[in-house]
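# What the coordinates show
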Amino acid sequence: MVAIALDDLGAAYGRRTVLSGFSTPILEGGALTAVIGPNAAGKSTLFKRIAGLIKGPGTVHLTETARGRDAVRYMPQDTGGNAVLTVYESVLLAAKQGSGWRVSDGELAEIDQILAALDLHDLAFRGLGELSGGQRQLVAIAQALVRRPEVLLMDEPTSALDLYRQIEVLAFMQRRARASGMAVLIALHDLNHALRYCDNTIVVANGAMQAAGPTSEVITAEMLREVYRVDGRVERCSRGRPVLIVDSTAT
Ligand SMILES: Nc1ncnc2c1ncn2[C@@H]1O[C@H](COP(=O)(O)OP(=O)(O)OP(=O)(O)O)[C@@H](O)[C@H]1O
C-alpha cells in the first residue's frame, strides 16, 4: 500500500514564499487526511507542490507505488471542463488519459460504478455545459477516481455540494480509500467533516505545518484559538460522535 511523507517542502510565487519547511509524518494509504487552515494559509499551494505543478525545495517521499509521481492526482478547487463533452465522455476520456484508446469491459464497469455511487447516472448523457456547480464538482470527482490515483489530493471537493451529497461523497471516499489502499488528502473548511471522516489531520497556517496527527488529537480548543482565532470546543453528540461547537471569535 502506498505511503506518502513530506520533507521540508517549500513553494513561492515569484519572489513571494508562501510555503516553507513543510514536513509531515508518514501518511499511510487506505485513509483520509484532512488538510485544514484559514483562507490563504497555503493549502492549495501545498497540493500543487506535492503534485509537482509548482516547483520548490524539499522532497515528496512516496513508497510502495508502482507509478511514482504519476500515481499522484490533484483535483483543483475550480473544476472547469470541456463543455462540448457529455458527462460520460468526459469521464471516459479521463480514464483513458495517458493510455491507449482500447476500453475494457472492466473499465466500463468501473465507470458505471463510480457514476452510480456519485448519483450521476441520470446525467451521463448531458453536456458538461448544462450542469450546475455541484453537479460539475461531482463529475470532477468521478474524473479523478477513474484515473485510479494512489495519492489523491482533493481541494475542497464538497464546497458546492448540498448537505446530503457532502456526507455521501465523504463516506464514499472513505470506503474507496479503505478498499483500494489509496491515500486521500482533502482540503476542508468544515472541521466537522474532518472530525467525522478523516483519520488524520494536517493544519496549515501561514505557509507552515502547524500540527499533524490523528484528527481527535489535532482539532482541539487550543488549535482553534491559535490558528482560527475562535473559541470553540469538541464535544460528543448524543450518538457519541465528536462535534465541533464554535462559541465566538476569540478575544
Ligand atoms: N498563482 C498565484 N500567484 C501568486 N500568489 C498566489 C497564487 N496562488 C495563490 N497565491 C497566494 O498564495 C497564498 C496561499 O494561497 P493558497 O491558495 O495556497 O491558500 P489556501 O489555503 O488554499 O486558501 P483558501 O482556503 O482561501 O482556498 C495566498 O496568499 C495567495 O494569495
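Heads up: these notes are all about the structure in this document. (Residues numbered from 1 in each chain as written. Predicted model: local features only at pLDDT ≥ 70, side-chain atom pairs only at ≥ 80, totals over all residues.)

### Concerning the environment of Gly 127
- Residue placement: Gly 127 occurs in the loop between α3 (105-117) and α4 (133-146).
- Setting aside its immediate chain neighbours within four residues, Gly 127 contacts Ala 83 and Thr 86. (Helix = DSSP H or I, 4+ residues; strand = E, 2+ residues; numbered from the N terminus. Contact = placed C-beta atoms within 7 Å.)

### A word on the site of the ligand
- Residues in contact with the ligand, as listed here, are Tyr 13, Val 18, Gly 37, Asn 39, Ala 40, Ala 41, Gly 42, Lys 43, Ser 44 and Thr 45.
- For the shell around the ligand, the leading source of residues is helix α1 (residues 43-51), giving three residues. (Near = placed C-beta within 6 Å.)

### Structural notes on the environment of Arg 16
- With respect to the secondary-structure elements, Arg 16 resides in strand β3 (residues 16-22).
- Take Arg 16: there are 8 C-beta atoms within 10 Å of it, and that puts it in the exposed class.
- Placed 167 residues apart in sequence, Arg 16 and Ala 183 show a C-alpha to C-alpha distance of 30 Å. (Buried ≥ 20, exposed ≤ 12 C-beta atoms within 10 Å, placed from the backbone.)

### Observations regarding the nonpolar core
- Formed by 65 residues in total, the largest nonpolar core has its most connected members in Val 35, Val 91, Ile 141, Ala 142, Leu 153, Val 184 and Ile 186.
- With eight residues, the top contributor of residues to this core is α4.
- Leave out the neighbours within four places in its chain, and Ile 186 touches Leu 32, Ala 34, Val 35, Met 154, Pro 157 and Cys 198. (Core = buried A, V, L, I, M, F, W, Y, C linked by C-beta atoms within 7 Å.)

### So, the sheet that holds strand β9 (residues 183-187)
- In space, the six strands of this open sheet follow the order β7-β8-β9-β5-β10-β11, with mixed pairing throughout. With partners counted over all chains shown, the strands left at the sheet margins are β7 (72-75) and β11 (208-214), one partner each. When the angles between neighbouring strand axes are averaged without regard to direction, this sheet yields 15 degrees.
- Two strands pair when backbone bridges link them, and β7 and strand β8 (residues 151-155) are joined in this way by four bridges, in the parallel orientation. Counted as the bridge partner of Met 75 is Met 154 from β8. (Pairing = 2+ DSSP bridges. Axes fitted to C-alpha atoms, helices over the stretch in contact; angles between N-to-C directions.)

### Let's talk about unusual backbone geometry
- Even without a glycine there, the phi angle at Arg 148 is positive, about 50 degrees.
- C-beta crowding within 10 Å serves as the criterion here: with 15 such atoms nearby, Arg 148 is assigned to the partly exposed category.

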